[in-house]
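In case you want the letters, here they are:
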Amino acid sequence: MDKRTLIIILIAAIIAGLFLVGSVFFKKEPKEGGALSLRGDKKGVHQIVPEKPQPEKLSEEEIIKTLAENFASSYYSYTWGEFGMMEGLYYFMTEEMVEKEKMKVEQIKKAIQNQPRQYFTARAEVLSSDFIEHQKNKASLNIDLEIKEFDGAMVERDTIVLVDANGDIYGGDSGDLVRKIFNKSVKVNLIKIGEKWRVDGIGN
């Protein structure tokens, strides 16, 4: 092997060595959590998904208060001749209260069955509430309500529409149909049955 050939072989070896070193030290690895990697392993593609915020757990007092407030506002909200709202509250009552309320509903149905249809609505909104007592298995709250009475109602025709006191479709502001606004304070009694709180009475 002549001197020139030996020099060419050495230069080629040096270049190959430099290329190998460069490929090792300058190889780009994907950043953790990056969107794309050239590697074919399972960690090649990452998608960062933010954790869903965990809902705050309500204290027992908050559970009782929320139940009592929602119950009171629904109990005093109604449309003449319709009882779906009241019947929907049976689930939140004790068995004894359900029986009493069912009797009231049946009495009202009988009293109005021969009367002409009236278009009247009442809507109650909670202003404030305070515990009267809170023991291990029973509680009671005083709840202040604002009640609005409307000469009109939402009824089903071809669609759900607002009508005035005469049953005519009303296109104005529903606030103009308000005939009376007053405040009412009620007491809500609750008892705990198993792990669930149930309403056992409501009234003045």
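Up top is the structure these notes are about.
All of the points below concern the structure found in this document. (Residues numbered from 1 in each chain as written. Predicted model: local features only at pLDDT ≥ 70, side-chain atom pairs only at ≥ 80, totals over all residues. Heavy atoms only, no water.)

1. Some remarks on the packing of aromatic side chains
Working step 1: Taken as a whole and assessed by the stated rule, the structure comprises four aromatic pairs.
Working step 2: Between F71 and Y75, the ring centres sit 5.9 Å apart and the planes meet at 20°, which makes this aromatic pair stacked. Linking F71 with Y75, this pair stays in helix α2 (residues 60-75), spanning four residues, or about one helical turn.
Working step 3: You can call F71 buried: its relative accessible area is 2%.
Working step 4: A relative accessible area of 13% places Y75 in the buried class.
Working step 5: An aromatic cluster of at least three residues, connected via ring pairs, comprises F71, Y75 and Y76.
Working step 6: Residue placement shows K180 over the ring face of F182; its charged tip is 5.1 Å from the ring centre. (Phe/Tyr/Trp six-rings, centres within 6.5 Å; stacked < 30°, edge-to-face > 60°. Helix = DSSP H or I, 4+ residues; strand = E, 2+ residues; numbered from the N terminus. Buried < 20%, exposed > 50% of the residue type's maximum accessible area, 1.4 Å probe, protein only. Lys NZ or Arg CZ within 6 Å of the ring centre and 35° of its normal.)

2. Section: the pairing of strand β5 (residues 160-164)
Working step 1: Of all five residues in β5, four are buried; the element is thus mostly enclosed.
Working step 2: Taken together, the five bridges between strand β4 (residues 152-156) and β5 define a ladder with antiparallel strand orientation. In the sheet register, V155 faces β5, and the bridge partner there is V161.
Working step 3: Taken together, β4 and the strand that follows it, β5, pair antiparallel across an intervening segment of three residues. (Pairing = 2+ DSSP bridges.)

3. Here's the deal with the environment of V178
Working step 1: Of note, V178 is situated in strand β6 (residues 178-193).
Working step 2: Overall, the relative accessible area of 24% leaves V178 in the partly exposed class.
Working step 3: Sequence separation between V178 and A122 is 56 residues, and the spatial gap between their C-alpha atoms is 9.3 Å.
Working step 4: Contact partners of V178, with chain neighbours within four places excluded, come to E149 and F150. (Contact = heavy atoms within 4.5 Å.)

4. Thoughts on the pattern of salt bridges
Working step 1: Inspection of the entire model under this criterion finds seven salt bridges.
Working step 2: Among the ionic pairs, E82 bridges to R117, the shortest N-O distance being 3.9 Å. Of this pair, E82 sits in the loop between β1 (78-79) and α3 (84-88) while R117 sits in the loop between α4 (95-112) and β2 (121-134), and the two are 35 residues apart along the sequence.
Working step 3: For R117, a relative accessible area of 41% corresponds to the partly exposed category.
Working step 4: Across the salt bridge formed by R179 and E149, the nearest N and O atoms sit 3.8 Å from each other. (Salt bridge = Lys/Arg side-chain N within 4 Å of Asp/Glu carboxyl O.)

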